Amino acid sequence: MEKKSVQRVFVLDKNKQPLMPCHPARARELLKKGKAAIFRYHPFTIILKDRAGGDTQPIQVKIDPGSKTTGVTLVADFKNGKEVIWSAEIHHRGQSIKKALDTRRAVRRSRRNRKTRYRKARFDNRKRSKDWLPPSLISRVENILTWIKRIRHFAPITGISMELVRFDTQKLENPEIKGIEYQRGTLYGYEVKAYLLEKWGRKCAYCGKENVPLEIEHIVSKSKGGSNRVSNLTLACHECNQKKNNQSIDEFLANNPKKLNQIKARAKGSLKDVASVNATRWYIFNQLKKEGLPIEVGTGGRTKYNRETQNYPKKHWIDAACVGESGQNVQIEPDMQVLEITAMGHGMRRMCFVDKYGFPKSYRPKERTYMGYKTGDIVLANVPKGKNKGIHIGRIAIRHRPSFLLNGVGDVHPKYLTLLQKNDGYGYQIS
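Because the structure is predicted, anything quoted here is derived from the model rather than measured.

### Quick notes on the domain arrangement of the protein
- What the domain assignment reports for the protein is domain 1 (1-56), domain 2 (187-267) and domain 3 (365-423).
- One C-alpha centre belongs to domain 1, the other to domain 2; they are set 49 Å apart.

Below, the structure is given as structure tokens:
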């Protein structure tokens, strides 16, 4: 297995002020000599015991906001050029929030439709603010803002750069609409193809090949009346594109009905992910302005142009490093370790569970902690005997009895646990 490039370690002085991140080898040396202590495990941060202040270089935090995953990188401006020193990908939970709200709405509707006392409608009693966003979208926004603020506590950030992407859904549906001339130029065609790459999973729709040059292909060929609407566009490798020629998709995939149905179903896919990015982009920008740092913005087409001219692979965190004008010449190790941050939430507010008819069946305990632990805490388990013997690190799920569930291990008694980091609403994994 190839060894991956390591991330820098965040460093705080004795007054908890951020210093320049250091190499992990340097951090190990400081910890071994007793000159520093572990301040936080994710992201890994050390605090110096006898040093206050120090020289720093400019560091820019760069963001590539997405509907499901957001890329975040720190780019330091060293004497020999710009270099990515830390990277992360934030996985949002907007879909799970939407599902939970749908479930709650269904339960409430079933309860209101039963033969119960009449209650006047109250949906007009509350007014929404001007910048209101639905919970599934505000969750994505808050995840990004939370991590920008956290990173500012751990690193001396001097600027922010974000992709202020705007998908023209009308243009995606019909690229031949009037005014298409504004797409002409160096970045012409990047926005539509970027959308198709996301929609079709960055592989040939017909043979499934990945990591090969992909061409925009018309499902119904133009010679047979097909349009340039995005619902009629897909991606194909050069061989499949030439082989299909101007055949209809039914003729081309006559011997593979399963693949035919998959392509037809995906071609009619919704633009909800595109809409979510459009709805949140200015909200995020306006909130970041309140941080008081210089903000650079760039389009999605510019990000892709910077990435491809530097021959970097497509990854969310690499896209973040390539955002804007400052993303033109950035030193990136494509195999660099990435901190995978997954939004987990802080537990449920629901106190009562219901059956399929909407009637209460069980209640959740009011206390969320037990023996000093809380579900989601990251712990070190040193089990001396039994089937789980050994040293384990992971997240726990508490039970109101002395037997906690340790992720990937099973039941562990609390007396064998050492708290490493309290639950902060996120799960972590180094990839």
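There's more to say after this.
### Side note on the packing of helix α3 (residues 135-154) against helix α9 (residues 272-289)
- Put simply, α3 and α9 touch, their axes get as near as 10 Å, and they point 35° apart. The element α3 and its partner α9 pack so that their crossing is right-handed. Within the contact between the two elements, α3 uses Leu137, Ile138, Arg140, Val141, Ile144, Leu145 and Ile148 and α9 uses Ser276, Ala279, Thr280, Tyr283, Ile284, Gln287 and Leu288.
- The residue inventory of the contact of α3 with α9, partitioned by class, reads 10 nonpolar, 3 polar and 1 charged.

### Quick notes on the packing of helix α2 (residues 94-113) against α3
- Remark: α2 packs on α3, axes separated minimally by 8 Å, with the N-to-C direction vectors making an angle of 150°. The angle between α2 and α3 places the two elements in the roughly antiparallel class. Crossing of α2 against α3: the hand is right-handed. Across the interface between the two elements, Gly94, Gln95, Ile97, Lys98 and Leu101 of α2 pack against Pro135, Ser136, Ser139 and Arg140 of α3.
- Residue composition of the contact of α2 with α3, by class: 3 nonpolar, 4 polar and 2 charged.

### Things to note about the pattern of salt bridges
- Per the counting criterion, the structure on display carries 14 salt bridges.
- A salt bridge links Glu29 to Lys33; the nearest nitrogen and oxygen atoms lie 3.0 Å apart.
- Using a relative accessible area of 52% as the deciding quantity, one classes Lys33 as exposed.
- Note that Lys264 is salt-bridged to Asp250, the shortest N-O span being 2.9 Å. With Lys264 in helix α8 (residues 257-267) and Asp250 in helix α7 (residues 249-252), this residue pair connects regions lying 14 residues apart in the sequence.
- Among the residues examined, Lys264 registers a relative accessible area of 36% and is labelled partly exposed.
- By relative accessible area, Asp250 is classed as partly exposed at 40%.
- The network of salt bridges with common partners includes Arg26, Glu29 and Lys33.

### Observations concerning the sheet that holds strand β21 (residues 410-412)
- Across the sheet, which stays open at both edges, the 5 strands sit in the order β21-β20-β19-β18-β22 with antiparallel pairing between neighbours. The sheet terminates laterally at β21 and β22 (417-421), the two strands that pair on one side only. Each neighbouring strand pair of the sheet contributes to a mean axis angle of 45°, computed without reference to strand direction.
- The sheet contact formed by strand β19 (residues 390-397) and strand β20 (residues 404-406) spans 2 bridges and is antiparallel. Residue pairing in the sheet places Ile396 in a bridge with Leu406 of β20.

### Things to note about the packing of aromatic side chains
- Overall, the coordinates contain 9 aromatic pairs when judged by the stated rule.
- An angle of 35° between the planes, with centres 5.9 Å apart, marks the rings of Phe10 and Phe154 as tilted. Pair noted here: Phe10 is in strand β1 (residues 9-12) and Phe154 is in helix α3, with a separation of 144 residues, a long-range link.
- Under the relative-accessibility criterion, Phe10 is labelled buried at 1%.
- Ring centres of Trp147 and Tyr428 lie 6.0 Å apart, and the angle between their planes is 75°; this geometry places the pair in the edge-to-face category.

Conventions we followed
- Residues numbered from 1 in each chain as written.
- Predicted model: local features only at pLDDT ≥ 70, side-chain atom pairs only at ≥ 80, totals over all residues.
- Heavy atoms only, no water.
- Domains from an automatic or database assignment.
- Axes fitted to C-alpha atoms, helices over the stretch in contact; angles between N-to-C directions.
- Helix = DSSP H or I, 4+ residues; strand = E, 2+ residues; numbered from the N terminus.
- Left-handed = near helix turned anticlockwise from the far one by under 90°.
- Contact = heavy atoms within 4.5 Å.
- Nonpolar A, V, L, I, M, F, W, Y, C, P; charged D, E, K, R; others polar.
- Parallel < 35°, antiparallel > 145°, perpendicular 65-115°, else oblique.
- Salt bridge = Lys/Arg side-chain N within 4 Å of Asp/Glu carboxyl O.
- Buried < 20%, exposed > 50% of the residue type's maximum accessible area, 1.4 Å probe, protein only.
- Pairing = 2+ DSSP bridges.
- Phe/Tyr/Trp six-rings, centres within 6.5 Å; stacked < 30°, edge-to-face > 60°.

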